[in-house]
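Here is what each chain is made of, one letter per residue.
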Amino acid sequence: MDSGIPSLTWTTIHRTLVIGRLYLAIGTGVSLLLTLILVFGAHSSTAFVQTFPLEVPLFAVLGSIGGLMTFTSDRTKGVFEYLIAYGIRPRTLFINGLLSAAALTGLILGFALMVGLGLAAAEGVLLTPDLWKSIVLYTIPMSFAGALFTATVGMIWSSLSSPRTGINSPVGIAPMVGIAPTLLVLIVAETGPSSQFYYVTVGAAAVIIVGVVILLGLSGRLMGRERFVSPL
Amino acid sequence: MSSTPLPALARNAPNGGHRIELRGVSSGYHGKRILEEISFTIEEPAVYVVLGPNGAGKTTLFRTIAGILNPYSGSVEIDGVDINRHEARTRLQYLSHIDGIPDALRVEDALRFYATVEGATAEDIEAVIGKLGIQELRKRFFSELSQGQKKRVSIARVFLQERNIYLLDEPTANLDPKLAREVRDLVLGLSKDDLVLYSSHNLFEAKEIGKYVLALRAGRIGYFGPLSELRPAKYIIGVRAEGTEGVLASSSKKGDYYLQELAGPEEVPKLIAELMAKGVQIREVKEMENPLEDLFT
């Protein structure tokens, strides 16, 4: 490979950043807004410590939609036809979509954590061990798990359906679907004994990731190459 | 016309052994068969024009040969290698009727994207940019281009790497006449050494560049053979001439042309000789019907 030619995966991620920039901006923007409210608007440190780690995964899911948008666009515009004609396997197309979603998630997560924790520390909020524990055992794994789940469901859904645009499309509905397991885990974890909280969240993230892997495996078996042909 | 599988055309042609072979291929989408029992072998370097009305299965045929669609039955082989093997994919180039250029990329980045996939080099990219004359487009976003410009970029992609088999689905659609001519010249150049399957709705274009015709009708082969052997149901020529009083005056006219129905092209010299003997000053003689039109009826 020529040194001046980037890899297919890197090109896909780069395009995802461009295509999904609006969702990326909304995800980071809303996350920042909530951080500002928690740091400057709340009257106690507890509000930040208890709320901040829980809300970040929701914005990560929203901001990662660019991966799904790129996948859907590539299918509709016939890019996948060419790639399959060149011998690229459909599973590789799915994996590239997931890596793109993961890259966006990493960006939002990195931004939210750096800015959120930085502002909190600057304002004198005590960054307790419990806060760090929540971030490591809930925020980070659930952000990636939720985003990858959203991307996987959305990609399979858009491959199986006719192209639609707007809120009624897989891209429009996927964030709601993607946020659902994150919220569900939160509700279950919060209603159970507090000593079990992290077991529930880490276990749930692991289950979601396993689900993503299973869906990915099934997608290769269940979806023929014809699913990647442009409907135009 | 026969819809039964036809034997290979020019099997012993000296082309370096490149071959497309379909055996009993049925293919389509989501279980619905568009192509039924398609069988043919082509080996001779030439342009094979694929014709047929909308819905006949032309694009499905291209997608199946390119390995994008998996046949429900039968097999597709490229140079004797099953199309499902990567080795076969690297022997052909496919141009879809859709542009297939990813969103959010400038033209040169789009070519770099496909160079990534094909294993082409930066030099290859520069070469196709020069070959297709798209230097002025290279920094522009693909989404900003006109339909014709988009098609040029899409065609440029096909030439990133030299191959011996080209599947070109409506390559001149949306192109202005000048560029369409350049593309046809490019294709004719390829056909000296390579196999080119070429679909078009323009019958005059098809007649101009095609050596063989593969006509599809309702997913089956309606005709597969040399274009030169196609004969229209009626062979009608038009004669533009002066001094026609009492000779051609009673003939029906289409524009400036007096129409004459003949048994075939072999009768044209005889007709010309007869008219000239009667004092008619012939300015032009041309065929008034394209034999390919019959393939659509």
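Residues numbered from 1 in each chain as written. Chains lettered and ligands numbered in written order. Predicted model: local features only at pLDDT ≥ 70, side-chain atom pairs only at ≥ 80, totals over all residues.

**Quick look at the overall build of chain B**
And step 1. Looking only at helices and strands, one finds eight helices and 14 strands in chain B.
And step 2. Seen through its C-alpha atoms, chain B measures out along the principal axes to roughly 70 × 45 × 35 Å.
And step 3. Each of the 297 residues in chain B was classed as buried or not, and the buried ones make up 41%.
And step 4. Within chain B, counting contacts between residues at least 6 apart in sequence, those at least 24 apart form 69% of the total. (Helix = DSSP H or I, 4+ residues; strand = E, 2+ residues; numbered from the N terminus. Buried ≥ 20, exposed ≤ 12 C-beta atoms within 10 Å, placed from the backbone. Contact = placed C-beta atoms within 7 Å.)

**Let's talk about the overall build of chain A**
And step 1. Regarding its fold elements, chain A presents nine helices and zero strands.
And step 2. Computed over its C-alpha atoms, the radius of gyration of chain A comes to 19 Å, within 12% of the 17 Å expected for a compact globule of 232 residues.
And step 3. When its C-alpha atoms are laid out on the principal axes, chain A stretches across 60 × 40 × 35 Å.
And step 4. The 232 residues of chain A split such that 45% are buried.
And step 5. Contacts in chain A between residues far apart in sequence, at least 24 positions, make up 87% of those at least 6 positions apart. (Rg over C-alpha atoms; globule rule 2.2 N^0.38 Å.)

**Section: the environment of A115(B)**
And step 1. With respect to the element layout, A115(B) can be found in helix 3 (residues 107-118).
And step 2. Along the sequence, A115(B) and R157(B) sit 42 residues apart, while their C-alpha atoms lie 8.2 Å from each other.

**A closer look at the domain arrangement of chain B**
Residue and element names in this part refer to chain B.
And step 1. According to the domain assignment, chain B consists of domain 1 (20-229) and domain 2 (235-296).
And step 2. Here the C-alpha centre of domain 2 lies 38 Å away from the C-alpha centre of domain 1.
And step 3. Taken together, the 10 residues of domain 1 in the interface contact five residues of domain 2.
And step 4. Contributions of two or more residues to the side of domain 1 that touches domain 2 are made by helix 7 (203-209), strand 9 (212-217) and strand 10 (220-226).
And step 5. With four residues, the single largest contributor to the side of domain 1 that touches domain 2 is helix 7.
And step 6. Residue composition of the side of domain 1 that touches domain 2, by class: eight nonpolar, one polar and one charged. (Domains from an automatic or database assignment. Nonpolar A, V, L, I, M, F, W, Y, C, P; charged D, E, K, R; others polar.)

**Re the sheet that holds strand 1 (residues 20-29) of chain B**
All names here are of chain B.
And step 1. Overall, antiparallel pairing links the four strands, which are arranged 2-1-4-5 in an open sheet. In this open sheet, the two edge strands, each paired with only one partner strand, are strand 2 (32-42) and strand 5 (81-82).
And step 2. Across seven bridges, the pairing between strand 1 and strand 2 is antiparallel. Residue G28 lies in a different strand from strand 2, and its bridge partner there is R33. (Pairing = 2+ DSSP bridges.)

**Describing the pairing of strand 6 (residues 92-95) of chain B**
Residues and elements named next belong to chain B.
And step 1. Burial of strand 6 is two-sided: the residues L92 and Y94 facing one way and the residues Q93 and L95 facing the other way are all buried.
And step 2. In this sheet, strand 7 (residues 165-169) lies alongside strand 6 in parallel orientation, the contact comprising four bridges. If you follow Q93 over to strand 7, its bridge partner there is Y166.

**Examining the nonpolar core**
Grouped burial of nonpolar side chains is what soluble globular proteins tend to show.
And step 1. Judged by nonpolar contacts, the single largest core of 131 residues is most densely connected at Y48(B) and L167(B).
And step 2. Here this core gets 13 residues from one element, more than from any other, and that element is helix 7 (residues 129-160) of chain A.
And step 3. With near-sequence residues (within four places) excluded, Y48(B) lies in contact with I42(B), V196(B), L197(B), Y198(B), G210(B), Y212(B) and L214(B). (Core = buried A, V, L, I, M, F, W, Y, C linked by C-beta atoms within 7 Å.)

**Re unusual backbone geometry**
Across the chain, the bulk of peptide bonds are trans and the bulk of non-glycine residues have phi less than zero.
And step 1. In this model, H30(B) sits at a positive phi of 50°, which is unusual for a non-glycine residue.
And step 2. Following the sequence through the fold, H30(B) ends up in the loop between strand 1 and strand 2.

**Here we look at helix 3 of chain B**
The α-helix advances 3.6 residues per turn, and as a result positions three or four apart in sequence lie on the same side.
And step 1. A rise of 1.5 Å per residue sets the reference length of helix 3 of chain B, with its 12 residues, at 16 Å; its end C-alpha atoms lie 17 Å apart and thus fit the reference within 8%.
And step 2. By the criterion of burial, helix 3 of chain B is predominantly enclosed, with 10 of the 12 residues buried.
And step 3. Every buried residue of helix 3 of chain B is listed here: V107(B), E108(B), D109(B), A110(B), L111(B), R112(B), F113(B), Y114(B), A115(B) and V117(B).
And step 4. Looking at the buried positions of helix 3 of chain B, the neighbouring elements they touch are helix 1 (8-19) and helix 5 (79-85) of chain A together with helix 4 (122-131) and helix 5 (147-158) of chain B.
And step 5. Downstream of helix 3 of chain B by a residue or two, G119(B) has a phi angle that is positive, lying close to 75°. (Expected span 1.5 Å × (residues − 1).)

**Remarks on the sheet that holds strand 11 (residues 235-242) of chain B**
Residues and elements named next belong to chain B.
And step 1. Read across the open sheet, the four strands follow the order 12-13-11-14; overall the sheet is antiparallel. The strands lining the two open edges of the sheet, one partner per strand, are strand 12 (253-254) and strand 14 (281-287).
And step 2. As judged from the six bridges shared by strand 11 and strand 14, these two strands associate in the antiparallel manner. Within strand 14, the position partnered with I237 by the bridge is E287.
And step 3. Across the sheet, helix 8 (residues 268-277) touches strand 11, strand 13 (257-262) and strand 14, and the angle it forms with strand 14 is around 160°. (Axes fitted to C-alpha atoms, helices over the stretch in contact; angles between N-to-C directions.)

**Focus: the interface of chain A and chain B**
And step 1. Residue-level contacts link 30 residues of chain A with 29 residues of chain B.
And step 2. Of all the secondary-structure elements, those providing two or more residues to the side of chain A that touches chain B are helix 1, helix 4 (65-76) and helix 5 of chain A.
And step 3. Looking at the side of chain A that touches chain B element by element, the count peaks at six residues for helix 5 of chain A.

**Thoughts on the environment of E81(A)**
And step 1. Secondary-structure assignment places E81(A) in helix 5.
And step 2. Every residue in contact with E81(A), bar those within four places of it in the chain, is listed here: V229(A), S230(A), I68(B), S96(B) and G100(B).

**Let's talk about the environment of L186(B)**
Residues and elements named next belong to chain B.
And step 1. Within the secondary structure, L186 is located in helix 6 (residues 177-190).
And step 2. What makes L186 partly exposed here is the crowd of 17 C-beta atoms within 10 Å.
And step 3. Sequence separation between L186 and L51 is 135 residues, and the spatial gap between their C-alpha atoms is 20 Å.

**Describing the packing of helix 4 of chain A against helix 6 (residues 90-122) of chain A**
Relative orientation and spacing of two packed helices are given, respectively, by the angle between their axes and the distance between those axes.
All names here are of chain A.
And step 1. It is the contact of helix 4 with helix 6, at a shortest axis distance of 7 Å, that shows an interaxial angle of 150°. Judged by the inter-axis angle, helix 4 sits roughly antiparallel to helix 6. Classified by chirality, the crossing of helix 6 by helix 4 is right-handed. The segment helix 4 lies against helix 6, with G66, G67, L68, T70 and F71 engaging G97, S100, A101 and L104.
And step 2. Considered class by class, the residues forming the contact of helix 4 with helix 6 number four nonpolar, five polar and no charged. (Parallel < 35°, antiparallel > 145°, perpendicular 65-115°, else oblique. Left-handed = near helix turned anticlockwise from the far one by under 90°.)

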